[in-house]
Amino acid sequence: MSDKKRIVLAYSGGLDTSVAIPYLKDRTGKDVVAVSLDVGQGGERLETIKQRALACGAVESYVVDARNEFAEEYCMLALQANAMYEGVYPLVSAISRPLITKHLVHAAHQFGADTIAHGCTGKGNDQVRFEVSIMSIDPTLKAISPIRDLGLMRDVEIAYAKEHKLPIEQTEKSPYSIDQNVWGRAIETGYLEDPWNAPTKDVYSYTDDPAFPPVEDEVTITFNKGIPVKIDGKDVTPLQAIEEMNRRAGAQGIGRIDLIEDRLVGIKSRELYEAPGAIALITAHEELENCCLEREQHRIKRDIDKRWGELVYDAQWYSPAVKSLTAFIKDTQEYVSGQIRMSLHGGRAVVTGRRSDSSLYDYSLATYETGDSFDQKASNGFIEIYGLPSKVAAARDVKFGNAVEVPQGDVK
């Protein structure tokens, strides 16, 4: 290996990052190592992408099938946290960036690089996620973006590719910016930048039209400590669970999201998402938690879940704060085991049954029929003690003439 430090490039195989390989070499004088991960985005095989990177001038090409790693260590944690940024977005892109970054840093160490390059612009969240993750893992590494820092715009890319005869097919550019993985699909820009414009049919890929659904699909998901382990009685890995629910919930048009999102960089952006499996699994998991978490634990976890999702969205996956919140979330999952039955139909995932050996739901306490074990007489003392602060405060209000006004006169 040469003593000269190299650049590791997050490589997708498309025009932007293919041109970036020789462009970075020309502008910096450093050799480029291309790094590509499969996180369930579909498309070309990793071997095809690897050979293209080498043909474009990369000195090394590092490829990883990270689908299981992504599902088990990232998607499942997001599921246990019921992670939904601004109440609706299941962090499709936000949870993949820390995984990609981990492998970029690994490649930098393995191949002698001091710089990591990514293809993000200066307006998005992902530039922050990549670079904060890099400095959180190895603060000695530098980060650059050819598009943001070196002026590599699309017209420059096309001209550069032609001039250098790069082995890239010039296909018609999609009007949208799309990022996808097994947890979901994000669509933005183009026609969608006007928030008045309704999404057109060509936007969607993971979901069918919910207005014309097939017959209702009933599914039973078995969880063990917050992780799906069976679907309709069949053993599944986390990756298989997501893929199966993507297929079945997607066929019913479940998981379409359209929102004006508050980006980390301070601007509002119109974003569309498709996350059929994520939405169905989170819906089931939340309902199982309703059965299995103690009341105060559950109240606190709802707040923690919200904060965890915001911090992960905001590029803090490797932060001390997220590490601590994750420890709490994982502890809450000790008894989140059991089965959830759901109806999937016409864009909706509806829970119709719950069953758990570790549930805190007690039929003998909940029933109003014969067999009721709840001591209703105990409520008298409970109400007296619980209401005592309000009773004392009300007496003070009466004393000082600030009592609640009650309507006067006869009742008609």
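Residues numbered from 1 in each chain as written. Predicted model: local features only at pLDDT ≥ 70, side-chain atom pairs only at ≥ 80, totals over all residues. Heavy atoms only, no water.

Caption draft 1: Highlighting the nonpolar core. In this structure, Val8, Phe70, Leu91, Ile95, Trp183, Trp308 and Met342 are the most contacted members of the largest nonpolar core, which totals 82 residues. Per element, the largest residue contribution to this core is 9 residues, and it comes from helix H9 (residues 276–292). Excluding its chain neighbours within four sequence positions, the residues that come into contact with Val8 are Val33, Val35, Leu104, Ala107, Ala108, Ala113, Thr115, Ile116 and Ala117. Of all hydrophobic cores here, the second largest spans 23 residues; its members include Leu15, Ala34, Leu152 and Ile168. (Core = buried A, V, L, I, M, F, W, Y, C linked by side-chain atoms within 4.5 Å. Buried < 20%, exposed > 50% of the residue type's maximum accessible area, 1.4 Å probe, protein only. Helix = DSSP H or I, 4+ residues; strand = E, 2+ residues; numbered from the N terminus. Contact = heavy atoms within 4.5 Å.)

Caption draft 2: Quick peek at the pairing of strand S8 (residues 217–224). When you tally the buried positions in S8, you get 6 out of 8 residues, the bulk of the element. As defined by bridge partners, S8 adjoins strand S13 (residues 338–345) across 7 bridges and the pair is classed as antiparallel. Following the sheet pairing, Phe223 is matched in S13 by Gly338. Summarising the sheet, S8 and strand S9 (residues 227–231) pair through 4 bridges and their orientation is antiparallel. Its bridge partner being in S9, Asn224 is matched across the sheet by Ile227. Linking S8 back to S9 in an antiparallel pair, the connection comprises 2 residues, with Lys225 at a positive phi of about 55 degrees. (Pairing = 2+ DSSP bridges.)

Caption draft 3: Up close: the sheet that holds strand S1 (residues 6–10). Read across the sheet, 5 strands follow the order S3-S2-S1-S4-S5 without closing on themselves; strand pairing throughout is parallel. In the strand order of this sheet, the two ends are held by strand S3 (60–65) and strand S5 (142–144), each with one partner. Sheet twist, expressed as the mean angle between neighbouring strand axes with direction ignored, is 25 degrees. For strand S4 (residues 113–117) and S5, the ladder comprises 3 bridges, and the chain directions are parallel. Note on S5: the bridge partner recorded for Ile116 is Ala143. Where helix H2 (residues 46–55) meets the sheet, it contacts strand S2 (32–38) and S3, and its direction lies at approximately 165 degrees from that of S3. (Axes fitted to C-alpha atoms, helices over the stretch in contact; angles between N-to-C directions.)

Caption draft 4: Here's a closer look at unusual backbone geometry. Here the phi dihedral of Glu86 falls at roughly 55 degrees; this positive angle occurs in a residue that is not glycine. Residue position: Glu86 is located in the loop between helix H3 (67–80) and helix H4 (96–111). Residue Glu86 is classed as partly exposed on the basis of its relative accessible area, which comes to 34%. Phi angles above zero are rare outside glycine, and Thr189 is one such case at about 70 degrees. The topology assignment puts Thr189 in the loop between strand S7 (184–188) and S8.

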